[in-house]
Amino acid sequence: MVLYTTPFPNSCLSALHAVSWCLIFPCYWLLDQLLALFTPAPCQKNQLLCIVLFMPIYLGFLVTSLPFACLGFLFWCPLQCARRPYVYSRLEDKGPAGGAALLREWKGTGPGKSFCFATANVCLLPESLARHNNVYKTQVRAKEIGHRIRNGASRPQIKIYIDSPTNTSISAASFSSLVSPQGDGMARAVPGSIKRTASVDYKGNSGRHPSDEAANGPASGDPIDCSSLENACVVRISGDEGGQHPEADDPATGGQARNGAGGGPLGQTPNHSRRDGDSGSLGSRSASKESLVKARAGLDSGGSGEPGATYSKAPHKASVVKKVAARKRRHPDEAFDHEISAFFPANLDFLCLQEVFDKRAATKLKNQLHGYFEYILSDVGVYGCQGCCCCRRCCEAHCCFKCFNSGLFFASRYPIMDAVYRCYTNGKGVDSLASKGALFLKVQVGSTPQDQRIVGYITCTHLHAPEEDSAIRCEQLDMLLEWLADFRKSTSSSSTANPEELVAFDIVCGDLNFDNCSSDDKLEQQHSLFTRYKDPCRLGPGEEKPWAIGTMLDQDGINDEDVSSPDNLQKVLESEEGRREYLAFPTSKNSGAGQKGRKDVLKGNGRRIDYMLYAEEGLCPDWKAEVEEFSFITQLSGLTDHLPVAMRLMVSTGDEEA
């Protein structure tokens, strides 16, 4: 399948569309700013004064620009019939961290390979609409969101073992990282041995990952040298009463984590293959500040780099866990680790975003993320009357003009082979003004020695929003499963007898706009989607695992100082009291009181409406997909009203040979 690199099939249509949009945009922008005056931003001191001063100005220019907008609309609307459903962009990287190099790392042999996925609703709406969610400055937020995601994901990994007389867990491995730039122009990380993956800021030069300043503040601290990223550094922190200083494990020892199947790049670390004691890269263990200093000393004295590899020294800072009770532990009945993290996971492979509606914001976001992700799909969806169709299930025509695209956005480190967008046909009300739908993707993640492609399937979606429309969401889930089956069938070039492709994973993620604990969402909770795909946070319909928390923030508290930074939000959400204060909880149709008045009787850990599901069936025979780690991420605090979620999936081949 040919991926569309431009929104229109020829340059003539593209030029005509650009001219028509230039005529429309001034009117669109003035109307957006005019409406935004009536919904004040948190930093706005005097709303009435702003209305008195700016409303006449905006109205005057709006009336002036209206005739030009009408003329542009006459050209713009028919052009949408020829518009393609997405725009594919690739910032080619011919270095050792590029997509082509990643494909050579895994041959489908050995114990397996891990892949990391993340999804987030980033609320990049026009300013007037974004303020209804208590977020503002869409263009500024878009750049900062991309900056933070890139900084979090571009960290290499370090494995930390904490030896403690009281630690009875099977493995105390950690891959928590502290960010630190390197002098060779690559944005790298200096890992640290603390439980919560604390947000860290840095200053310095950047090459492939440019950054002007840190995501969350200035950096401070002591310099650290790290050994070669080809073989991640390993530090052992002793918890014995003798207080012995830890020593960095020798790179030749078997307890060391290995990044990638072959010699990994020094700048951007590939995913690690499973080794003994390896529990992934999202998790981290608690350590005192003293232990962290000891770990640094161990790295400086025992870490050895690859010949020719140099690492400059840079300042950094990290928050340290103060309460032993706050440590992340694996639940006795759980097969994987889970945590609330202040960072996006290191070596993030695939990113799915929702509500990237604003075109200018999407461009800023894409420019930032291209510093890490080589392949991006943006501007996904349809405009105008392209969403008008007839729903086969209800024999009712749903015709509505689409003012916005789907808001879906996808970024990948691995090559995208195929992509298909489908628009839901049953939207209604205000929600139908956006072309909400599903984006189906097929990516290549490796190849076997017999030249068989190793592929994965990823589906990103955003369902109908109004809470009372459960039936509409269930219909959309039915469409999703049907379309997904068609997509896999149409893009598969394999036969059972002679497979040309090996399927490594099948992921469904996105904002589903229902939770698993609300009594009003029982219809969606029992949908067949959850029999075909597994939810790591769910025990069953209406029953969550005890560690799962809500992903929808209480919009009234988004800008509170207590949750103004990733670290602060992380600490708040680690306590039950904090979750009740700052997370949105299910509301009942029969409830007369608002959420604020019911917080003393609320049960559960908030509304979890952002999902990351994976299939255990339909993969290559004898291959098995297992969750290694799952995390709720606070790195976008103050930038959106949702918590991103991330999952690291280990694909095991059944081959015991390394």
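Since this is a predicted model, take the numbers as computed values, not measurements. (Residues numbered from 1 in each chain as written. Predicted model: local features only at pLDDT ≥ 70, side-chain atom pairs only at ≥ 80, totals over all residues. Heavy atoms only, no water.)

## With respect to the sheet that holds strand 9 (residues 337–341)
- Pairing is mixed in the open sheet, where eight strands are placed in the order 1-11-14-10-2-23-22-9. The outermost strands of the open sheet, each flanked by one partner alone, are strand 1 (87–90) and strand 9. The sheet shows a mean angle of 15° between the axes of neighbouring strands, direction not considered.
- With three bridges joining them, strand 11 (residues 375–378) and strand 14 (residues 409–412) adopt antiparallel strand pairing. Opposite isoleucine 376, over in strand 14, you have alanine 411 as the bridge partner.
- Relative to the sheet, helix 5 (residues 138–153) contacts strand 2 (112–124) and strand 10 (350–356), its axis offset from that of strand 2 by approximately 165°. (Pairing = 2+ DSSP bridges. Helix = DSSP H or I, 4+ residues; strand = E, 2+ residues; numbered from the N terminus. Axes fitted to C-alpha atoms, helices over the stretch in contact; angles between N-to-C directions. Contact = heavy atoms within 4.5 Å.)

## Things to note about a negative patch on the surface
- Together, Asp556, Asp560, Glu561, Asp562, Glu577 and Glu581 give the surface a local cluster of negative charge.
- Looking at the element boundaries, glutamate 581 is found in helix 12 (residues 576–582).
- Judged by its relative accessible area of 38%, glutamate 581 is partly exposed. (Patch = residues over 30% accessible without salt bridge, like charges linked within 9 Å, V, L, I, M, F, W, Y side chains within 5 Å. Areas by Shrake-Rupley, 256 points an atom, 1.4 Å probe, with all protein chains shown as cover. Salt bridge = Lys/Arg side-chain N within 4 Å of Asp/Glu carboxyl O. Lys, Arg positive; Asp, Glu negative; His and termini not counted. Charge placed at Lys NZ, Arg CZ, Asp CG, Glu CD. Buried < 20%, exposed > 50% of the residue type's maximum accessible area, 1.4 Å probe, protein only.)

## Concerning the UniProt feature "transmembrane region" (unreviewed entry) in the protein
- What UniProt calls "transmembrane region" (unreviewed entry) maps, in this numbering, to residues 15–36 and 48–76.
- What you have in residues 48–76 is 100% helix and 0% strand, and the ends, taken at the C-alpha atoms, are 36 Å apart. (UniProt positions renumbered as here; feature names shortened; annotations may be inferred.)

## Looking at the packing of helix 5 against helix 7 (residues 359–369)
- Running from N to C, helix 5 and helix 7 cross one another at 20°; their axes reach a closest spacing of 8 Å. As summarised for this structure, helix 5 and helix 7 are arranged roughly parallel, according to the angle between their axes. With respect to the hand of their crossing, helix 5 and helix 7 are arranged in right-handed fashion. Here Thr138, Gln139, Ala142, Lys143, Ile145, Gly146, His147, Ile149 and Arg150 of helix 5 come into contact with helix 7, specifically with Arg360, Ala361, Lys364, Leu365, Gln368 and Leu369.
- Of the residues assigned to the contact of helix 5 with helix 7, the class counts are six nonpolar, five polar and four charged. (Parallel < 35°, antiparallel > 145°, perpendicular 65-115°, else oblique. Left-handed = near helix turned anticlockwise from the far one by under 90°. Nonpolar A, V, L, I, M, F, W, Y, C, P; charged D, E, K, R; others polar.)

## Some points on the nonpolar core
- Formed by 92 residues in total, the largest nonpolar core has its most connected members in Phe117, Phe350, Phe410, Val445 and Phe505.
- Among all residues touching valine 445, those that are not within four sequence positions of it are Leu102, Leu103, Trp106, Phe115, Phe350, Tyr414, Ile454, Val455, Ala504 and Phe505.
- Of all hydrophobic cores here, the second largest spans 27 residues; its members include Ala120, Leu353, Leu636 and Ala646. (Core = buried A, V, L, I, M, F, W, Y, C linked by side-chain atoms within 4.5 Å.)

## Observations concerning helix 11 (residues 566–573)
- The buried count for helix 11 comes to six of eight residues, which makes it a mostly enclosed element.
- All of the buried residues along helix 11 are Pro566, Asp567, Leu569, Gln570, Val572 and Leu573.
- Contact partners of the buried residues in helix 11: helix 5, strand 9 and helix 12.

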